[in-house]
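Given next are the chains, with one letter for each unit.
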Amino acid sequence: SSSTTSSLVGIDWVREVVATALNDVFDPKEIAKNAATAKLDGKKKKNKKKKNVDESAANNKPEEEEQKPKMSEEERNYIIQAAIDAAQPFSTCDAMVTPATKPEFGDYQCNAAMSLAKSAGLNPRECATKIVDQLRPLIQEYMEEPEIAGPGFINFKFKEEYLSQALGVMVTESMGRLGVPEAGDKKKIVVDFSSPNIAKEMHVGHLRSTIIGDTLSNLLTFSGHDVLRLNHVGDWGTQFGMLVEHLRDEFPQALSKETAKDVELGDLVTLYKAAKKRFDADDDFKVRSREGVVKLQAGDKEALAAWESLCAASRVEYQKIYDVLNIVGLNERGESFYNPYLLNVIEDLEGQGLAVESEGATAVFLDGYTNRDGSPLPMLVRKSDGGFNYATTDLAAIRHRVQMETSDGGEKADRVLYVTDAGQSQHFEMVFAAAEKAGFVTDSVSLEHVPFGLVQGEDGKKFATRSGDTVKLKDLLDEAVRIAGEDMKSRMENPDEDFTDAIADVAKTVGIGAVKYADLSMNRESNYKFSYGRMLSLNGNTAPYMLYAYARICGIVRKATDQPDDQKVVWPEANEILITHDSEKQLIRNLIKLPDVLSEVESELYPNRLCDYLFETSQKFNQFYENCSVNNAETPELKASRLSLCTVSAATIRLLMGFIGIDVVERL
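In every chain, residue numbers begin from 1 and rise along the written sequence. Residue-level local features of this predicted model are given only where pLDDT is at least 70; pairs of side-chain atoms are given and counted only at 80 or more, and the full residue set underlies all totals for whole chains, interfaces and linings. Computation of side-chain values: all heavy atoms of the structure, hydrogens and water removed.

Visitor: I'm lost on a nonpolar patch on the surface in this one. Help?
Guide: Exposure above 30% relative accessible area and the lack of any salt bridge qualify a residue for a patch; like charges then connect within 9 Å, and the nonpolar side chains Val, Leu, Ile, Met, Phe, Trp and Tyr within 5 Å. Each accessible area is a Shrake-Rupley estimate made with a 1.4 Å probe; only the visible protein chains count as cover when residues are assessed. The salt bridge definition used is simple: a Lys or Arg side-chain nitrogen within 4 Å of an Asp or Glu carboxyl oxygen. On the surface, M71, Y78 and I79 cluster together into a nonpolar patch covering about 320 Å² of accessible area. Following the sequence through the fold, M71 ends up in the loop between α3 (55-67) and α4 (73-86). The exposure class assigned to M71 is partly exposed, which follows from its relative accessible area of 37%. Runs of H or I in DSSP of at least four residues are treated as helices and runs of E of at least two as strands, each being numbered from the N terminus. Here the term buried applies to any residue with accessible area under 20% of the maximum for its type, exposed to any over 50%, and partly exposed to those in between, with areas from a 1.4 Å probe on protein chains only.

What follows is the structure, encoded as structure tokens:
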């Protein structure tokens, strides 16, 4: 890569370079042979040691070992040969490159010498020296001389020239990609998130799924992948028999396609509760409801029209929430979409001998899944009454997303992400295992559950209203906006002044942004305590703090370039980057790690890394601003350079807040 590189190098590049060096220095087959030999020989030595150290423990162990028949030379050679045949060239994983544990060690650390040394017949430092000699010409354009530390760690540190040049690239692309390279290996990725249930209220669990799924989709799209956002709504199942029959009595016009669109079903939650009450109390209605399910599944015209009115009315309600959260591009593809494919799934599983009869139902038994009493745990794919289960729909969806040709409407995805609560972890583990066993997915396809924890009240108990009801999402979001507005009002010079539309818009950005940011800044697998006070605080890693950090940089640039307060900031032209103080250097080292952070979130799927990085960036910016004057820099060149640091810091905040779905504001 030449010095005029238009994108940054980061941890992925270092891993590739180290893997190249390993393949040049060592023969993977030789290493595999030595490792296998050492493993076979190692067992004897270990037992000897044990005997001397701890007689009592050793007395039992070696007896058993000695009773095992000794391995024949033929078996031994066979094992070693198998290891040699299976050896692959060293990969980026074998490079064992991680971010440096402390800034003084440099930018990256490579631990490959420690694991290879024994099999290479060298001590770790000798092994590290061989790797470094091979690496030197490959990295000298970007890196200082690699340092071998301790027993054989290799530390890498970017050269100052590269830091200046890389930041220069980020400035020229401050309104675009900020020098982040697009993924070399573009994938088709399906992200399955949000997934509320028809005729039921969206709750905080759906909120988490929506926010996490949207952020991951935004980031993967930015990386250059082809992303399909799917809303797997719960629009099918036994409850629809009950709801359709309730409509037959209360809203008969909903049963005809012609008149259905004029029906106002009102509050669907109330409707659902009324139908459920009848179902529990009235046996005749219960029988009708069960027959209603059968009618609906058989495609009865009236039942379908009623079902469609329920779906349409629910859609209007969800859309209100999606509009407030600014969720776009989410394609609804509910459970009902997969109905035509369900029977085929069962036939295929039965044909392969994977689905068997179990107490009148059809089930798949997978190795390693048992009930508490140790009996095998079945994954039901068809109930005894002939109805299908969630697992059946999920298997049909996997085939549609992964196996089916695009010409038939399939997606041919390389990666499918399921953003649902952690309570469904075992369900997805079993569904994925069954899909693999049945050959619905190949090795090149990755099915990944992206689980998240519960939302709790501040007391650590279930998140609910004072009366114990579940909190309506709409109310929760409105309240966040209201509190943000009150807070802004209290800080206005004239608190009695009326709220202008512009201020109301900012209150909405801050309030909704605070809810999203609070959710994402936690490790998604932890349960999180919902607190308006904490999420709207101006201190700590919160949306208001980050929005203020952005607005503050805008203010610094305005002042230094004589721009009026009431107009959009014009970001200065790119300039040569000069490094004169350690705080400038530390800020730049942090800013150029942007590709590493995005790459990590792309593979690990933990959006809290974005929030951590945002917070680190703003803190490093504060340290730089405390130590280095922008407006009164010693020379015009230094002022221009420091303005460029402001530009890139602001652009980094703007880009990442954009992934989270928060619009930055230039004045607060």
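Read on, since the account is not over.
Visitor: Is there a simple way to explain the sheet that holds strand β2 (residues 108-110) in this structure?
Guide: Backbone-to-backbone hydrogen bonds pair the strands of a sheet. The strands run either parallel or antiparallel. Taking strand neighbours across the sheet as the criterion, the 4 strands line up as β1-β2-β4-β3 in an open arrangement whose pairing is antiparallel. In this open sheet, the two edge strands, each paired with only one partner strand, are β1 (97-99) and β3 (147-149). For this sheet the average axis-to-axis angle between neighbouring strands, irrespective of direction, equals 30°. When DSSP finds two or more bridges between two strands, those strands count as paired. In this structure, β1 lies alongside β2, joined through 3 bridges in antiparallel fashion. When the bridges of β2 are listed, P99 appears paired with Y108. Set on the sheet, helix α1 (residues 11-25) makes contact with β1, β2 and β4 (153-156); between it and β1 the angle comes to about 155°. To get an axis, fit a line to the C-alpha atoms, keeping to the stretch in contact for a helix; angles then go from 0 to 180 degrees between the N-to-C directions. Contacts are assigned to residue pairs that have any heavy atoms within 4.5 Å of one another.

Visitor: I tried to follow the side chain of D596 on my own but got confused; where do I start?
Guide: Of note, D596 is situated in helix α22 (residues 594-604). For D596, which is buried and forms no salt bridge, the nearest opposite charge comes from K593, at a distance of 5.5 Å. The term polar contact refers here to a pair of N or O atoms within 3.5 Å; inside protein, the definition further demands a hydrogen-donor-capable atom paired with an acceptor-capable atom, and it admits residues adjacent in sequence only when both atoms are side-chain atoms. A polar atom in the side chain of D596 sits 2.7 Å from the backbone nitrogen of I11. Positive charges are assigned to Lys and Arg, negative charges to Asp and Glu, while His and the chain termini are left out of the count.

Visitor: Is there a simple way to explain the sheet that holds strand β10 (residues 376-382) in this structure?
Guide: Pairing in this open sheet of 3 strands is antiparallel, and the strands run β8-β9-β10 from one edge to the other. Each edge of the open sheet carries a strand with a single partner, namely β8 (355-358) and β10. Across the sheet, the axes of successive neighbouring strands diverge by a mean angle of 55°, strand direction being ignored. In this sheet, β10 lies alongside strand β9 (residues 361-370) in antiparallel orientation, the contact comprising 5 bridges. Bridge pairing in β10 links T362 to R382. Across the face of the sheet, helix α14 (residues 342-351) comes into contact with β8, β9 and β10 while running at roughly 135° to β10. Set on the sheet, helix α16 (residues 425-437) makes contact with β9 and β10; between it and β9 the angle comes to about 100°.

Visitor: Teacher, can you tell me more about the pattern of salt bridges here?
Guide: Note that side chains of opposite charge can pair when their charged atoms are close. Applying the stated rule across the entire model yields 35 salt bridges. Ionic pairing is found between E160 and K585, a salt bridge with its closest N-O pair at 3.3 Å. Here E160, found in helix α7 (residues 160-172), pairs with K585, found in helix α21 (residues 582-591); they are 425 residues apart in sequence, far enough to count as distant. Look at E160 and you get partly exposed, because its relative accessible area is 33%. One salt bridge in this structure joins R524 and E525, with 3.6 Å as the shortest N-O distance. You can call R524 buried: its relative accessible area is 4%.

Visitor: What is the right way to read the packing of aromatic side chains from this model?
Guide: In this description, a pair of aromatic rings is defined by centroid distance and the angle of the planes. Any pair of Phe, Tyr and Trp rings, taking the six-membered ring for Trp, is counted once the centres come within 6.5 Å. Such a pair is stacked with planes under 30 degrees apart, edge-to-face with planes over 60 apart, and tilted for the rest. Taken as a whole and judged by the stated rule, the model has 18 aromatic pairs. A ring pair is formed by F158 and Y162, whose centres lie 4.8 Å apart and whose planes are at 35°; its orientation type is tilted. For the pair F158 and Y162, one class covers both residues: buried. Pairing F337 with Y341 gives two aromatic rings, centres 6.3 Å apart and planes at 45°, and the pair type is tilted. For F337, a relative accessible area of 33% gives the class partly exposed. Either the NZ atom of lysine or the CZ atom of arginine qualifies as a charge over a ring when it sits within 6 Å of the ring centre and within 35 degrees of the ring normal. One Lys or Arg, R278, reaches over the ring of F285 and ends 4.1 Å from the middle of that ring.

None of this, on its own, says anything about what the molecule does.
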